[in-house]
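If you want the building blocks of each chain, they are given just below.
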Amino acid sequence: MPDYRHWPTLPAMFFDRAAAGGGRPFLWHKVDGRYASLDWTEVAEQVARIAAALHAAGVEAGDRVVLVSENRPEFLAADVAIMAVGAIAVPTYTTNTVEDHRHILADCGARAAIASTAELADRVLEAATGAPGLRHLIAIEAPTVPAGHVTVSGWPDGAAPAAGMTELVAKARQGERGAAACIIYTSGTGGRPKGVVLSHANIFANCEGAWRRLVDVCGLEDEVFLSFLPLSHSYEHTCGQFFPISIGAQIYYAEGIEQLGRNLTEARPTLMTAVPRLYEGMHSRITRDVERAGGLKAALFRRAVEIGSKRYHGKALSLGERLLDPLLERLVRDKVRARFGGRLKGLVSGGAPLNIDVGVFFHALGLRLSQGYGQTEAAPLISCNPLERIKLHTVGLPVPGVEVRIAEDGEILARGDMVMLGYWNKPEATAETLRDGWLHTGDIGRIDEDGYLEITDRKKDIIVNSGGDNLSPSRIEGFLTLEPEIHQALVFGDRKPHLVALIVPDAELAREETDPDRLRARVRTAVERVNARLSAIERVRRFALADEPFSVDTGELTPTMKTRRHAVLHRYGQKLLHLYERPG
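Residues numbered from 1 in each chain as written. Predicted model: local features only at pLDDT ≥ 70, side-chain atom pairs only at ≥ 80, totals over all residues. Heavy atoms only, no water.

**Things to note about the packing of helix H7 (residues 200–218) against helix H8 (residues 234–246)**
The interhelical angle for the contact between H7 and H8, taken along N-to-C directions, is 75 degrees, at an axis separation of 10 Å. What the angle tells us is that H7 and H8 run roughly perpendicular. Contacts between H7 and H8 involve Ile203, Asn206, Cys207, Ala210, Trp211 and Leu214 on the former and, on the latter, His237, Thr238, Phe242, Phe243 and Ser246. Grouping the amino acids of the contact of H7 with H8 by side-chain chemistry returns 7 nonpolar, 4 polar and no charged. (Axes fitted to C-alpha atoms, helices over the stretch in contact; angles between N-to-C directions. Helix = DSSP H or I, 4+ residues; strand = E, 2+ residues; numbered from the N terminus. Parallel < 35°, antiparallel > 145°, perpendicular 65-115°, else oblique. Contact = heavy atoms within 4.5 Å. Nonpolar A, V, L, I, M, F, W, Y, C, P; charged D, E, K, R; others polar.)

**Remarks on helix H4 (residues 98–108)**
Every buried residue belonging to H4 is among His101, His103, Ile104, Leu105, Asp107 and Cys108, and all of these are buried. The inward-facing, buried residues of H4 abut strand S3 (64–68), strand S4 (88–92), helix H5 (118–127) and strand S8 (180–185). (Buried < 20%, exposed > 50% of the residue type's maximum accessible area, 1.4 Å probe, protein only.)

**Thoughts on the environment of proline 380**
Secondary-structure assignment places proline 380 in the loop between strand S14 (369–374) and strand S15 (381–384). Exposure remark for proline 380: the relative accessible area of 7% places this residue in the buried category. In this structure the C-alpha to C-alpha distance between proline 380 and asparagine 71, which are 309 residues apart in sequence, comes to 19 Å. When near neighbours in sequence (up to four residues on either side) are disregarded, proline 380 contacts Asn206, Ser234, Tyr235, Thr238, Tyr373, Gly374 and Gln375.

**Side note on the sheet that holds strand S26 (residues 499–505)**
Strands sit in the order S25-S26-S27 across an open sheet of 3 strands; the sheet is mixed. Both edges of this open sheet fall to strand S25 (486–492) and strand S27 (540–545), since each of them pairs with a single strand only. Neighbour-to-neighbour, the strand axes of the sheet open up by a mean angle of 30 degrees, direction not taken into account. Where S26 and S27 come together, 5 bridges link them in parallel fashion. (Pairing = 2+ DSSP bridges.)

**Details of H8**
Most of H8 sits out of view: 13 of its 13 residues are buried. Just beyond H8, the residue with positive phi is glycine 248, at close to 70 degrees.

**As for the nonpolar core**
Judged by nonpolar contacts, the single largest core of 134 residues is most densely connected at Phe14 and Phe340. Setting aside residues up to four positions removed in sequence, phenylalanine 14 forms contacts with Phe26, Trp40, Val43, Ala44, Val47, Leu76, Val80 and Ile245. By size, the runner-up hydrophobic cluster in this structure holds 25 residues, among which are Leu105, Ala127, Ala131 and Leu137. (Core = buried A, V, L, I, M, F, W, Y, C linked by side-chain atoms within 4.5 Å.)

**Details of the pairing of strand S9 (residues 195–199)**
Among the 5 residues of S9, 5 are classified as buried, and the element is accordingly described as predominantly covered. In S9, alternate side chains face the same way, and those of Gly195, Val197 and Ser199 on one face and Val196 and Leu198 on the other are all buried. Bridging between S8 and S9 involves 5 bridges; their strand directions are antiparallel. Paired with isoleucine 183 across the bridge in S9 is valine 197. Of the strand pairs in this sheet, S9 and strand S19 (residues 422–423) are connected by 2 bridges, and their pairing is antiparallel. Among the inter-strand pairings, valine 197 is bridged to a residue of S19, identified as glycine 422.

**Some points on the packing of aromatic side chains**
Summed over the entire model, instances satisfying the criterion amount to 14 aromatic pairs. Taking the centre distance of 5.0 Å and the plane angle of 75 degrees together, the rings of tyrosine 35 and tyrosine 252 count as edge-to-face. One end of the pair, tyrosine 35, is in strand S2 (residues 34–39); the other, tyrosine 252, is in strand S11 (residues 250–253), with 217 residues separating them in the sequence. The residues tyrosine 35 and tyrosine 252 share a single accessibility class, namely buried. Residues phenylalanine 340 and phenylalanine 362 carry aromatic rings whose centres are separated by 6.0 Å and whose planes lie at 90 degrees to one another, so their mutual orientation is edge-to-face. In this pair, phenylalanine 340 is assigned in the loop between helix H12 (319–339) and strand S13 (346–349) and phenylalanine 362 in helix H13 (residues 356–364), connecting sequence segments 22 residues apart. Pair check on accessibility: phenylalanine 340 and phenylalanine 362 agree, each one buried. Within the aromatic cluster, the residues linked to one another by ring pairs are Tyr279, Phe301, Phe340, Phe361 and Phe362. Sitting above the plane of the tyrosine 452 ring, lysine 391 keeps its charged end 4.7 Å from the centroid. Across from the ring centre of tyrosine 580, 5.5 Å away, lies the NZ or CZ of lysine 496, which sits over that ring. (Phe/Tyr/Trp six-rings, centres within 6.5 Å; stacked < 30°, edge-to-face > 60°. Lys NZ or Arg CZ within 6 Å of the ring centre and 35° of its normal.)

Spelled out as structure tokens, the structure:
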């Protein structure tokens, strides 16, 4: 097992792995349209150069340094360098507005910032007008706006002095496990984001839990990760960066969500972590491609899904199905696996609830999809399905080192070394969330007879209708968005006599049906199909169509594709209330 319990800091772990890795490939990124690699030694030297630049800028132990960059080798090098000098890394989303940056810079009291592109550097400098404590910006690309009170320097190049490297490694080994390593700002589905302070020990606890959960099944040897979720999110920051470092894995950086299919076949990852929205999109694309092909190909595909689904649910296969299945393995499942690179040992879904039908779909096609659960305050891992015993309607067993219990009101509580130090400069919010060592997650759930954790809803998102019934909007939204006619949905009805919904139609359907009445009719048919499977109080009585899809740009989605309910309701609340004014 990696030395999780004895490494003093994350940079110490990195330098140990870099010394062992030497000239072997480590980070892969696109150069002139082709993947090129940096070896472990090259990345370690880059870390030393950035650390020297931070020291020259006056950054000291405990200072906060904001990092805004796409997923690329420079992000990892800068992140490790900030921690190596004893400062606290504050990774932020590239989608942040100037106002978002201003809030974070001022809230954490950042001393310095690191930015990649000129556009991102410009936004940081514009935000700095409200953050007088920011004194220095290191930019890969030179900004185009006035720097004001901020000193700007370029990306450090050249050879890293051997003496500086030795001193930096020694400093990393002298750090304390319990000290703050980073501040991860929550994506803000319910309002202003809070800074979650995570220690080196918090992230080590997550890495060890992931290792123990995976090693018996996967072997964890010569692993390859494809990084495409934002590294400023705790899920990717831990599972897509520090966990791969800890096991000496290679990391490929994806070009973006649009190029993900191509990057999968280029990188050929062995392990993959993603959010449910991505798997839902892949499910839609695969089924749409098959239906367009039609004929024998579509028939064999449907048969593979049917037989694979029976196997997942533990149902006996008929003699004919047992004879046909090996043929379907070669003609269907091997081709689907090839779309993911052909080497995947397992897929992990986290960050939001996974629709069970989507999970079963991938299992039926020979791809083990394991649903996990966590939150930024837990660094973020709390539980995950073991790949050898997956129950998709649950989020699995607590990972080793994590204790979970259910409070009297149904709230999930978690305890362990992964629990955050607290919210930055918010003692009251910290005291509300951390009580007697237990993290109060704000999620409602239950533990089944096998010890698996099942999430039933968000405590704050539960709808209580005027009849006093408690309803889960996320459950109903999950059913709605699985229908091919519906791209996104938000269910509404707190303290109302029945439920209504805001719906974003499927993009292709909207292009086909230019007549608004015909479009509404197609969506209505889909809603009626869902209602037929729901109880009377869960049914959506009326719906309105959104003006455009929820997106990160409009502020209605987080960068990890979760719906910001407060933002959607701010924009469409009156439209939803009008649905209750209609007679009948």
